[in-house]
Amino acid sequence: MKNLYTAATAGILAAMLTLSSCSTTNSDPDPTPSQEAPTAEATSEPSETAETPTPEETQVGERDAIASFEGETAGIRGDVDLAECTLKAGAAKAVGTVTNSAPEDRDISVTIIWMQPKGNSSLARKTFSREAVKAGESVEFTIETELPEDARQCVVNARAGTFAK
């Protein structure tokens, strides 16, 4: 019985401590804030926001125009099998296959972008285009360029639809 009394007393004390720590009353009749909020004059915010200009892409190597489509286009990166893409400076090439996985004939464009070693700029951008690729047909492509320096990676951008006339 004594253990039950001790346990009950301990529970009541724990509950009282918990409730007293949640209390929002303040026993100080004239509280003084420990720190006042800064006034507009005290802040050191600039009166105008300075904009950082977005850096332009550095144009280094060859640049093919990006194919223009009319109407709906589809991204077809999943239909491209890039078997080879040279990253070393000098003569470079990308070799692969693109498949028209749609149930209808479509024009296809595959662009290979050789990226600079650092940053988001490209060393070269070359495009393979083919009109009226039959539904289910696979087409091999070879794209050649000159790289002024080693590339970090090859990026593939592939689309299908109807080329703009």
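Residues numbered from 1 in each chain as written. Predicted model: local features only at pLDDT ≥ 70, side-chain atom pairs only at ≥ 80, totals over all residues. Heavy atoms only, no water.

Engineer: What exactly am I supposed to notice about the overall build of the chain here?
Structural biologist: Counting its secondary structure elements, the chain contains one helix and seven strands. Order of helices (α) and strands (β) in the chain, N terminus to C terminus: α-β-β-β-β-β-β-β. The buried share of the chain, taken over its 165 residues, is 27%. Within the chain, counting contacts between residues at least 6 apart in sequence, those at least 24 apart form 73% of the total. Looking at the chain as shown, the accessible area adds up to about 11,800 Å², and 51% of this sits on carbon and sulfur atoms. (Helix = DSSP H or I, 4+ residues; strand = E, 2+ residues; numbered from the N terminus. Buried < 20%, exposed > 50% of the residue type's maximum accessible area, 1.4 Å probe, protein only. Contact = heavy atoms within 4.5 Å. Areas by Shrake-Rupley, 256 points an atom, 1.4 Å probe, with all protein chains shown as cover.)

Engineer: What is the right way to read the packing of aromatic side chains from this model?
Structural biologist: Note on aromatic pairs: each is described by the distance of the centres and the angle between the planes. This model, assessed by the stated rule, comprises two aromatic pairs. Both rings, one in Phe 69 and one in Phe 163, keep their centres 5.0 Å apart while their planes meet at 45°; by these two values the pair is tilted. Separated by 94 residues along the polypeptide, Phe 69 in strand 1 (residues 69-75) and Phe 163 in strand 7 (residues 154-163) bring together distant segments of the chain. For the pair shown, Phe 69 and Phe 163 are each scored as buried. (Phe/Tyr/Trp six-rings, centres within 6.5 Å; stacked < 30°, edge-to-face > 60°.)

Engineer: Looking at this structure, I do not really get the side chain of Lys 126. What am I missing?
Structural biologist: The topology assignment puts Lys 126 in strand 5 (residues 122-133). Its relative accessible area of 13% is what places Lys 126 among the buried residues. At 3.3 Å, the side chain of Lys 126 and the side chain of Asp 64 are in polar contact. Setting aside its immediate chain neighbours within four residues, Lys 126 contacts Glu 62, Asp 64, Val 110, Thr 111, Ile 112, Trp 114, Ile 143, Glu 144 and Thr 145. (Polar contact = N/O pair within 3.5 Å; in protein donor to acceptor, adjacent residues only side chain to side chain.)

Engineer: Honestly, the sheet that holds strand 2 (residues 80-85) in this entry has me stumped. Any pointers?
Structural biologist: By definition, the strands of a sheet pair up through backbone hydrogen bonds, in either a parallel or an antiparallel sense. Reading across the sheet, the three strands line up as 2-3-6 and stay open at both edges, with antiparallel pairing between neighbours. Among the strands making up the open sheet, the edge pair consists of strand 2 and strand 6 (138-147). Across the sheet, the axes of successive neighbouring strands diverge by a mean angle of 20°, strand direction being ignored. Both strand 2 and strand 3 (residues 90-99) contribute to a ladder of five bridges, which runs antiparallel. Paired with Leu 82 across the two strands is Gly 96, which belongs to strand 3. (Pairing = 2+ DSSP bridges. Axes fitted to C-alpha atoms, helices over the stretch in contact; angles between N-to-C directions.)

Engineer: Honestly, the nonpolar core in this entry has me stumped. Any pointers?
Structural biologist: Generally speaking, soluble globular proteins have nonpolar side chains that are buried together. Counting residues in each nonpolar core, the largest one holds 22 residues, and the members touching the most others are Val 98, Val 110, Ile 112 and Trp 114. Sorting the residues of this core by element identifies strand 3, strand 4 (106-115), strand 5, strand 6 and strand 7 as the ones contributing at least two each. Those residues in contact with Val 110 that lie beyond four places of it in its chain are Val 80, Val 98, Lys 126, Thr 127, Phe 128, Phe 141, Ile 143, Val 156, Asn 157 and Ala 158. (Core = buried A, V, L, I, M, F, W, Y, C linked by side-chain atoms within 4.5 Å.)

Engineer: When you look at the confidence of the model for the chain in this model, what are you seeing that I'm missing?
Structural biologist: Close reading of the predicted structure is inappropriate where its pLDDT is low. On average, the chain scores 77 in pLDDT, and the residues at 70 or more come to 64%. Counting contacts from residues 1-50, a segment whose pLDDT is below 50, to residues more than four positions away or on other chains yields two contacts. (pLDDT = per-residue confidence, 0-100.)

Engineer: What exactly am I supposed to notice about the environment of Glu 72 here?
Structural biologist: For Glu 72, the position within the fold is in strand 1. Once the C-alpha coordinates of Glu 72 and Gly 161 are considered, the two residues, 89 residues apart in sequence, prove to be 6.3 Å apart. Beyond its immediate sequence surroundings of up to four residues, Glu 72 is in contact with Ala 160 and Gly 161.

Engineer: Just to check I follow, could you spell out the state of the cysteines for this structure?
Structural biologist: A disulfide bridge is the covalent bond that connects two cysteines by way of their sulfur atoms. Inspection of every chain in the model, using the stated rule, returns one disulfide. In this model Cys 85 forms its disulfide with Cys 154; the gap between the sulfur atoms is 1.8 Å. An S-S torsion of about -85° defines the bridge between Cys 85 and Cys 154 as left-handed. Highlighted residues: Cys 85 in strand 2 and Cys 154 in strand 7, separated in sequence by 69 residues. (Disulfide = S-S within 2.5 Å.)

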